[in-house]
Amino acid sequence: MRVSFLGHSGFAIECGEVTLVFDYYIDEHELVPEILERAQRVYVFVSHSHRDHLNPDIFSWNEHYRIERYVIANECRRKLKRSLDLDSYPITFLHHDEDWADEHVHVHAFNSTDVGVCFMVDAGGRRIFHAGDYNCWHFELINDEHGVRKAVGDFKAILQDIKAYTQHVDLAMYPITPNIGGDFALGARLYLQAVPTKHFIVMHTWGRDREASEFSLYRNPDYGECHALAAGKTLLLD
């Protein structure tokens, strides 16, 4: 499995004949054209409509590369209808708790603590989780005690659904965002305690890579490895 970090929350993952692109936003090192050129089947995922996760450029790829399917949070539909003829593209919109599959890929969408969804994808014999903006957004520096408790409760409710769905994840991409303040690693720590994850990759750091890469704050010592990639870098995983 070849994992390329495009930047922010964007990844391209090559699993044999299947290539998955998640939450493309920026590609400063121009990895995408080469990745898509060699891909046999491409599946493009958009977790929600925030501009740092949904870049309309992804729809131009349909003219040049082998795009099998765009799998997009239903929350994006209204925004996309303003500028696209949606019937011209192979798009599936998913609400949370919905599935989509073909003979190569199976996708389950979970709810998020932000807008949209997060994705669990089975492809090439691997189970891959892209969290989108699912995190424990407690913002301790500005929320009152009630707000923090609610944020943690909402996060844990979705985490129970994820835990019930799977006994393991081969690769997870998860937001570590130090600028929320306080115990910014709480969501990652709770996730890794609940879901055995072989490889865990940091994303959505908003430039605070050093703090986000302090793995001791959230690593599960009993399982898996944590990774932090610079944009444009590629990781080969077994």
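Novice: What exactly am I supposed to notice about the sheet that holds strand S7 (residues 99-101) here?
Specialist: A sheet is described by the order of its strands in space; here seven strands give the open sequence S7-S8-S9-S10-S11-S12-S13, paired in mixed fashion. Both outer strands of the open sheet, S7 and strand S13 (225-227), are each paired with one neighbouring strand and no more. Strand-to-strand twist of the sheet, defined as the mean angle between neighbouring strand axes without regard to direction, takes the value 15 degrees. Sheet strands in contact with helix H3 (residues 145-165) are S7, strand S8 (105-111), strand S9 (117-123), strand S10 (126-130) and strand S11 (169-175), and its direction is about 155 degrees off that of S8.

Novice: What is the right way to look at the nonpolar core in this model?
Specialist: One broad trend across soluble globular proteins is that nonpolar side chains are buried collectively. One finds Ile-13 and Leu-20 to be the most contacted residues of the largest nonpolar core, which totals 89 residues. Residues within four places of Ile-13 in sequence aside, it is in contact with Met-1, Arg-2, Val-3, Val-18, Thr-19, Leu-20, Phe-22, Ile-128, Leu-171 and Met-173.

Novice: Can you help me understand the state of the cysteines in this one?
Specialist: In a disulfide, the sulfur atoms of two cysteines are held together by a covalent bond. Under the counting rule described, the total for this entry stands at zero disulfides. Residue Cys-76 stays outside any disulfide, its sulfur separated by 14 Å from that of Cys-118, the closest cysteine. For Cys-76, a relative accessible area of 0% corresponds to the buried category. Free of any disulfide, Cys-226 has its nearest neighbouring cysteine sulfur in Cys-136, separated by 18 Å. Judged by its relative accessible area of 11%, Cys-226 falls in the buried class.

Novice: Looking at this structure, I do not really get the environment of Arg-208. What am I missing?
Specialist: Mapped onto the secondary structure, Arg-208 falls in the loop between strand S12 (197-203) and helix H5 (209-212). Its relative accessible area of 31% is what places Arg-208 among the partly exposed residues. Taking the C-alpha atoms as reference points, Arg-208 and Arg-38, separated by 170 residues in sequence, lie 33 Å from one another. Aside from chain neighbours lying at most four places away, what touches Arg-208 is Pro-178 and Asn-179. A polar contact of 2.7 Å, which involves the side chain of Arg-208, links it to the side chain of Glu-211.

Novice: Please explain the pattern of salt bridges as it appears in this structure.
Specialist: Any two side chains of opposite charge can pair, given that their charged atoms come close. A complete count under the given rule lists 10 salt bridges for this structure. Notably, a salt bridge pairs Glu-14 with Arg-2, separated by 3.4 Å at the nearest N-O pair. Placement of Glu-14 in strand S2 (residues 10-15) and of Arg-2 in strand S1 (residues 2-7) is noted, with a sequence separation of 12 residues between them. Across the pair Lys-150 and Asp-154 runs a salt bridge whose closest N-O atoms are separated by 2.7 Å. Placement of the pair is Lys-150 and Asp-154 together in helix H3, with a separation of four residues, close to one helical turn. Look at Asp-154 and you get partly exposed, because its relative accessible area is 36%. Through salt bridges with shared partners, a single ionic network connects Arg-2, Glu-14, Glu-34 and Arg-38.

Novice: When you look at a negative patch on the surface in this model, what are you seeing that I'm missing?
Specialist: A cluster of like negative charges, contributed by Asp-97, Glu-98, Asp-99 and Asp-161, occupies part of the molecular surface. By the element assignment, Asp-97 lies in the loop between strand S6 (91-94) and S7. The exposure class assigned to Asp-97 is partly exposed, which follows from its relative accessible area of 46%.

Each value, and the rule that gives it
Residue positions are given per chain, counted from 1 along the sequence in the order it is written. Confidence filtering applies because this is a predicted model: local features only for residues at pLDDT of at least 70, side-chain atom pairs given and counted only at 80 or more, and all residues used for totals across whole chains, interfaces and linings. Only hydrogens and water are removed before side-chain values are computed, so all heavy atoms of the structure are retained for them. Note: two strands are recorded as paired if DSSP finds a minimum of 2 bridges between them. Segments assigned H or I by DSSP are reported as helices when at least four residues long, segments assigned E as strands when at least two residues long, and all are numbered from the N terminus. Here an angle of 0 to 180 degrees is reported between the N-to-C directions of two axes, which are lines fitted to C-alpha atoms, with helices fitted over the stretch in contact. Contacts between residues were defined by any pair of non-hydrogen atoms, one from each residue, lying within 4.5 Å. What we call a nonpolar core is a set of buried Ala, Val, Leu, Ile, Met, Phe, Trp, Tyr and Cys residues that are connected through their side-chain atoms within 4.5 Å. Accessibility here uses a 1.4 Å probe with only protein chains present; expressed as a share of the type maximum, an area under 20% marks a residue as buried, one over 50% as exposed, and anything in between as partly exposed. In this description, the term disulfide denotes a pair of cysteine sulfurs within 2.5 Å. Any pair of nitrogen or oxygen atoms within 3.5 Å is treated as a polar contact; in protein, a donor-acceptor pairing is required on top of that, and neighbouring residues in sequence qualify only through side-chain atoms on both sides. A side-chain nitrogen of Lys or Arg and a carboxyl oxygen of Asp or Glu constitute a salt bridge if their distance falls within 4 Å. In this analysis, a patch consists of residues with relative accessible area above 30% that form no salt bridge, clustered at 9 Å for like charges and at 5 Å for the nonpolar side chains Val, Leu, Ile, Met, Phe, Trp and Tyr. Accessible surface area values rest on a Shrake-Rupley calculation with a 1.4 Å probe, where residue burial reflects the displayed protein chains alone. Counted charges follow a simple rule, with Lys and Arg positive, Asp and Glu negative, and His plus the chain ends left uncounted. Think of each charge as sitting on NZ of Lys, CZ of Arg, CG of Asp or CD of Glu.

These values are about where atoms sit, not about what they do.
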